[in-house]
Amino acid sequence: MFYIYCPHCEEHREEEEFHAAGEAHIPRPLDPENCSDKEWGEYMFFRTNPRGIHHELWVHSVGCRKFFNMTRDTQNYEILEVYKIGEKPSITSAAAKLPAQSKVQEGV
Amino acid sequence: MQKYSGFGLIKHALSHHENWQRVWRNPKPKKKYDVIIVGGGGHGLATAYYLAKVHGITNVAVLEKGYLGGGNTARNTTIVRSNYLWDESARLYEHAMKLWEGLSQDLNYNVMFSQRGVLNLGHTLQDMRDIQRRVNANRLFGIDGEVLDPQQIKEIVPMMDCSDRPRYPIMGASWQPRGGVARHDAVAWGYARAADALGVDLIQQCEVVDFIQEDGAATGVMTKTHGVISADRIGCVTAGNSSVMAAKAGFRLPLESHPLQALVSEPIKPILDTVVMSNHVHGYVSQSDKGDLVIGAGIDGYNGYGQRGSYHTIEHTVQAIVELFPVFSRVRMNRQWGGIVDTCPDACPIISATPVENLFFNCGWGTGGFKATPGSGHAFAETLAAGEASDMAKPFSMFRFHDGALIDEHGAAGVAH
Amino acid sequence: MAQQNRLIEGGRIARDSQINFSYNGKTYPGFVGDTLASAMLANGIDVVGRSFKYSRPRGIVAAGAEEPNAIMQLGATEATQVPNVRATQQELFAGLVCQATNGWPNVEFDMMASLGTVGASVMPPGFYYKTFMYPKSMWNTYEKFIRKAAGLGRSPLEADPDRYDHYNQHADVVIVGAGPAGLSAALEAGRSGARVIIADEQAEFGGALLHSKQSVNGMPAMDWVASVVAELAELDNVMMLPKSTVNGYHDHNFLTIHQRCTDHIADRAEKNQSRQRMHRVRTKWVVLASGAHERPLVFGNNDVPGCMLADAVSTYINRYAVVPGKKLVLMTTNDGGYQAAFDWHEAGREVVAILDTRSYQGTDTSAVIDRARELGIKVLTGSAVVEVQGAKRVSAVSIASLNSQGDQLAGPVSQLSCDTVASSGGWSPAIHLSCHTGSRPVWSDQVIGFIPGETVQKQLIAGAIGGTFDLQSCLAQGTRAGAEAANNAGFTVDATASGATAESVAETAPMALFHIPHPKETSRAPKQFVDFQNDVTAAGIELATREGFESIEHVKRYTALGFGTDQGKLGNINGMAIAAKSMQKTIPQTGTTIFRPNYTPVTFGAIAGRNCGELFDPKRFSAMHQWHLDHGALFEDVGNWKRPWYFPQPGESMQQSLERECLAVRDSAGVLDASTLGKIDIQGPDAREFLGRVYTNAWAKLAVGKCRYGLMCGEDGMVFDDGVTACLADNHFVMTTTTGGAARVLEWLEIYQQTEWPELEVYFNSVTDHWSTITVTGPNARKILDQVVDDIDLSNDAFKYMDWKAATVMGVPARIFRISFTGELSYEINVQANYGMRIWEAVMDKGAAYNLTPYGTETMHILRAEKGFIIAGQDTDGSVHPYDLGMGWAVSQKKPFSFIGKRGMAREDCVKEGRKQLVGLITADPKKVIPEGSQAVDDPKQSIPMTMLGHVTSSYYSACLGHSIAMAYIRNGHNRMGETVFYPQADGSAIEATICSPIFLDPKGERQNV
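Cut-offs applied
- Residues numbered from 1 in each chain as written.
- Chains lettered and ligands numbered in written order.
- Predicted model: local features only at pLDDT ≥ 70, side-chain atom pairs only at ≥ 80, totals over all residues.
- Heavy atoms only, no water.
- Helix = DSSP H or I, 4+ residues; strand = E, 2+ residues; numbered from the N terminus.
- Buried < 20%, exposed > 50% of the residue type's maximum accessible area, 1.4 Å probe, protein only.
- Contact = heavy atoms within 4.5 Å.
- Areas by Shrake-Rupley, 256 points an atom, 1.4 Å probe, with all protein chains shown as cover.
- Buried area = accessible area lost by both parts, 1.4 Å probe.
- Salt bridge = Lys/Arg side-chain N within 4 Å of Asp/Glu carboxyl O.
- Polar contact = N/O pair within 3.5 Å; in protein donor to acceptor, adjacent residues only side chain to side chain.
- Nonpolar A, V, L, I, M, F, W, Y, C, P; charged D, E, K, R; others polar.
- Pairing = 2+ DSSP bridges.
- Core = buried A, V, L, I, M, F, W, Y, C linked by side-chain atoms within 4.5 Å.
- Axes fitted to C-alpha atoms, helices over the stretch in contact; angles between N-to-C directions.
- Parallel < 35°, antiparallel > 145°, perpendicular 65-115°, else oblique.
- Left-handed = near helix turned anticlockwise from the far one by under 90°.

(A) Structural detail: the overall build of chain A. Within chain A one finds one helix and six strands. Split into buried and exposed, the 108 residues of chain A put 46% on the buried side. Look at the contacts in chain A between residues 6 or more apart in sequence, and 45% of them connect residues 24 or more apart. Summed over its atoms, the accessible surface of chain A is roughly 5,100 Å², and 50% of this surface lies on carbon and sulfur atoms.

Below, the structure written as structure tokens:
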């Protein structure tokens, strides 16, 4: 269960308050009438669905009801950033760093 | 292939089981095959088996990045039924059902297909209208099914609360007596063994990292461990990883990969003799031959390849189970896990040619692929053998998402398993 | 003979509190502080179960969560039965009733056992895949027997009388395990002021110290534990949870802690007490100090009762003052194992010999060997137990010397007489929780076990989970981990403080040995058990690899290794080692093992908590709900709402009620509680433009004071909701949606405004709950309205159809919409919800003279169907566009903006011939109502599979029209008016119907316009 920082409420809340709304940054074609069936179908249904860094849309559905974007690793589920609609992600590739592992393991 | 039978077991017992043959070889891959199947899950193995058995194409390799049957085949709740709404899907799933009914004998491997019946519960008037619609369609199509009232349900599942107490009382159900469950691992192993016996090379620990293309046509695959392996045709059957594979080939699919979770109770003595499914409250339960209650959860809303989902999804499912079966409250949940399901917008699969010539995809089975395993393999084998979609596969082209000829099975598929 | 194995003194039991319990119908004594297992051992109970496959007698092996055999059916009454209780984890309480779970007629004399010995030879792993196939028809019969044999305990047959609850917690540091490492961590983190939760599955804190004879800070270890617990208890920021298992570790540091509140008191909770509680904890940092599980060694007949883990023997002696036998043979690969022999010896019983599997060169020795010899205990190095003799209890062992690798015997077999065999193969770190979030464990040759791997969680480990088994190191690691976790969570730790200390002990390296060789091949040797609960043997694992099951996942699945209720805590590593060895691979080459939640099983009730029955899902009621109840309404679930379905009068059948309600509306007046329809308040200068984009029809010219019906489609052009929207002011509208679709529509509007068209200034608010809506409909509606409306002219000229007006109703401000879903003259009175009941009652009062009749959703459905009005979700299914519905009139192709759905409904498949289209049906037999969901065919006599044309979406008997009516999809139906179709039924009959317009009543719409 994710712990999500809502960029509008400016605090962490439980995933139960949110709702994933699919891949982000898929703008509606400005001139739908001039889209071919193929183009329209691609807009509606075809997704990158990556294993790794994913930019996705979430809504704080039982909170502020605002949508926002999230960059998340779809393998380890780490949330790398959240940003508002209209903003660009700052993490876009596998360059996302994992937090340094820290363990207390060796004896003293 | 060493034939399995009860007599054989006794014979082998006398030699302390030291002389059993390998279930499949561990071959070195050849340089070139007629057909390469990418993905050694149930669907891929079934495809290879039917390619060899039905179409006589035995120069086939199945390339599996992990171990055979280790993906969703190993992780599902094993429900088998064919009571789908639309003709196109009913045809496919019913074909699978007919194959299930003789599968153990066909493969000489007991897949423990147990036709203990499947109940799909209705909790609202609209649920009941949908159930009536589906059962009527099934009946006219030739698929067994009837609509039961709560009293009849109670007779089949005495432990379920069919009273007015629950928040959403059970109003009725569809009942498919031929539905049931099977032993999921055995399905993969049975197909693998039978395919191997017909000459198919099963290559495990062999990850495909790219497709080799010339002039828009696929000519082979690049593997992590064995370099390039060529093939005339390639069938990609990689379930939750299909979008990743499509990206390697240079196109996108209308898919999202989501976690789908399941859980089992500790084993208990027989108490539930049939499969109970409720899309409305998101509870899916049967009891395995080992005695575990096998429970399917709802799908998680986000994309995820982690083979795990969120805890509140498990909670909701357990709530539904306790709501349906108050007697299970003191039974204990042993283990949970997750699979990666690639979901299509219309809850129907893709068995299709792709923008890349000679490259075919079989994917998008969402939450319900296990039940289709034989039918899927059969239809995909025919497609690969002919180089174009078989009649059964045709409606499931990925290009339906361009022209709009969707087959909306959300009602029948639901989050169903 | 009561408690013959109980020592006269010692242990952490309350000797002044003797209590009785019942096992298999016989009563035994025990003490408060016992577990069920320790009390059973105290009473000399050897056989506690039968193995499910081979029916072999089984005894208690362990003292904790890894116990595979002592699985009990607990409960004194039917409703309080608990299956599969692990006796080693169940605290004893007065009056506890339990039974063994397998064995017929009982565990001592099991009839199946004879079959077991004979049958065992034909039941290697996976035997069921190889047989029971012929004849095909027999599988169901075979399966019945398989099912009966499987399973452990049984489910209760009555509903659970107890309740369970959830706590939602936030913490800075959660510490898992209250052994030396965990307690040290808690102390350090607690002192910093951080909010700390420390949880441990046992009844008491202390972990391994509970049965340890070591010292900490120069005092007996448990005195130190007591001092730590006392200090933690003083800290308000620390929550201590004994009897609480951290059973799951989920993403972003979310943990579930399963607390047993009353399981130690009775099998049923006191009134008003929760039996169990699930803590749902979100924490900044986690310290895993979950310890390790001892591994037994695998040797012939190692499942005979009397074979135990070495550390379990120590636990029973030191913690419970129970010596589970008289003559001990101890086999160990490591120094730690010796402790069991020392404790046994100290308890005054005979240690026959210690077999140390390690070979020592020449005169090499070690501290533990020296100590054993000082005590006069025989130590045989480089030796092992190869086989046990005995049936229901160990009677002797066969031993032999080993080569230095431990893979071959190096000498002849001899016998030792004994009744107990303790073994220690080393310790497997309890890495389960670290695996739950997807972190893959890594093998350590030094630890001879898996330790936690890399993770993205904010997690630290301390103590034995990381392969550190020395007490001093565990204390130090705990202290450091507690400090680091608190520090990371933003708290300041006193850097000068140092943790507790214990004496460091020099140890001889343990030996990596798992499977003791036998003079015979493994396949011919007596059974060497790896996973007791699933009867998985070394021979079985070797067979699996021989057959080609080479991945460890295949081995596990083929043999069922690790699939028991102990989830492989005892046997997994041994099994992996045996599989690896048989393939000449190393353990890490064979594969890792991934643990999933739960760490130990958790009651479904605890996971569900209070969220069942009434609290399963919220119920929503309108403000008039009590009136509906008082007037006998039956209710329909629509979304979360409870809507009146119909209002039967005494003696009426449902059909009679519906006919009465329908006729009342058509003849005079009816009233509907329409409050549940979704209402969305839409404001902003661009509200009108926005409506034009999300509805299919035109909104540019809708005047203030007017209402309009709209269809809402997805981008695919398929209808998903509909409703009437009223223009309140030029930049202010109120939209109605279907009852079930309200939330979805609101989110739909928001996503387009927020993500696609943020330049449009428009705001949405759900106002569904703000208003009560009272629909008065029928020819006499105006007369009734006249009596309750204070201030406006209701005449047709002044207040036209599809107008709305602000008005005062019985002194209450109201919005009245003149819209109609029945086809009759209708007014929807909207008042603030808290006035709803008052106005409803007033309307009922004034309407009495006109037989104003309340009706529910069913009559609403019939009345609208007579008019051919669709219900989104019933007459649509996500695959139909407005033209399929014959509602092209509601689509404006001329709007400048390409509204949502326009492009989608123009796709190739959407404009092709032969789509299914919504039509009306009239049956040949006017009394015959076609069941909803029936499928149409042209020829009912055709063979199966039949060609189906479409289904019936809505179907009723219309009392007003005197015949049945239906709405249905028919392929190409709009061009088939007047044609006949058939609806085959389950009974073999077929209902004949004629295709017609779905508008059955008043096609010109005159009745609503009067």
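(B) The arrangement of the interface of chain A and chain B in detail. In this complex, chain A contributes 25 residues to the contact, which on the side of chain B involves 30 residues. Summing both partners gives a buried area of about 2,300 Å² for chain A against chain B, and 52% of it is carried by carbon and sulfur. Interface area lost by chain A to chain B is led by Phe46, Asn49 and Arg51 of chain A, which between them contribute 31%. Taken together, the connections running from chain A to chain B amount to one salt bridge. Glu42 of chain A is the partner of Arg252 of chain B in a salt bridge, and the nearest nitrogen-oxygen pair spans 3.4 Å. The tally of links from chain A across to chain B stands at 15 residue pairs in polar contact (both at pLDDT 80 or more). Secondary-structure elements contributing two or more residues to the side of chain A that touches chain B are β3 (19–23), α1 (37–45) and β4 (53–59) of chain A. Here the side of chain A that touches chain B gets five residues from one element, more than from any other, and that element is α1 of chain A.

(C) Region of the structure containing the interface of chain B and chain C. Each side of the interface is counted separately: chain B has 101 residues, and chain C has 120 residues. Interface area, chain B with chain C, both sides summed: about 9,800 Å², of which 53% is carbon and sulfur. By the criterion of area lost to chain C, the three top residues of chain B are Leu140, Arg167 and Arg330 of chain B, representing 10% of everything that side buries. Where chain B packs against chain C, one counts twelve salt bridges. One can count 70 residue pairs in polar contact (both at pLDDT 80 or more) joining chain B with chain C. Looking at the side of chain B that touches chain C element by element, the count peaks at ten residues for helix α5 (residues 125–141) of chain B. Tallied by class, residues from the side of chain B that touches chain C come to 43 nonpolar, 31 polar and 27 charged. The pairing of strand β16 (residues 332–343) of chain B with strand β31 (residues 602–603) of chain C spans two bridges and is antiparallel. When the bridges of β31 of chain C are listed, Arg332 of chain B appears paired with Thr603 of chain C.

(D) Focus on the nonpolar core. Membership of the largest hydrophobic core comes to 144 residues, with the highest contact counts inside it found for Trp100 of chain B together with Tyr23, Met40 and Tyr316 of chain C. Among the elements that make up this core, the one with the highest residue count is helix α7 (residues 184–197) of chain B (eight residues). With sequence-adjacent residues up to four places away left out, Tyr316 of chain C is seen in contact with Ala37, Ser38, Leu41, Ile60, Ala62, Ala63, Thr88, Met308, Ala321, Val322 and Pro324 of chain C. Ranked by size, the runner-up nonpolar core spans 64 residues in total, among them Val221 and Ile229 of chain B together with Leu702 and Phe733 of chain C.

(E) Structural context of the sheet that holds strand β49 (residues 980–984) of chain C. Residues and elements named next belong to chain C. The strand order across the open sheet built from six strands is β46-β47-β48-β45-β50-β49, with neighbouring strands paired in antiparallel fashion. At either end of the open sheet lies a strand with only one pairing partner, and these are β46 (935–936) and β49. The sheet contact formed by strand β45 (residues 916–923) and strand β48 (residues 963–971) spans six bridges and is antiparallel. Residue pairing across strands places Gly920 opposite Met967, the latter belonging to β48.

(F) Highlighting the packing of helix α7 (residues 310–320) of chain C against helix α8 (residues 338–346) of chain C. Residues and elements named next belong to chain C. Running from N to C, α7 and α8 cross one another at 30°; their axes reach a closest spacing of 8 Å. Compared by their axis directions, α7 and α8 come out roughly parallel. For the crossing formed where α7 meets α8, the hand is left-handed. Judged by residue contacts, Ala310, Val313, Ser314, Ile317 and Asn318 of α7 engage Gln339, Ala340, Asp343 and Trp344 from α8. Residue composition of the contact of α7 with α8, by class: five nonpolar, three polar and one charged.

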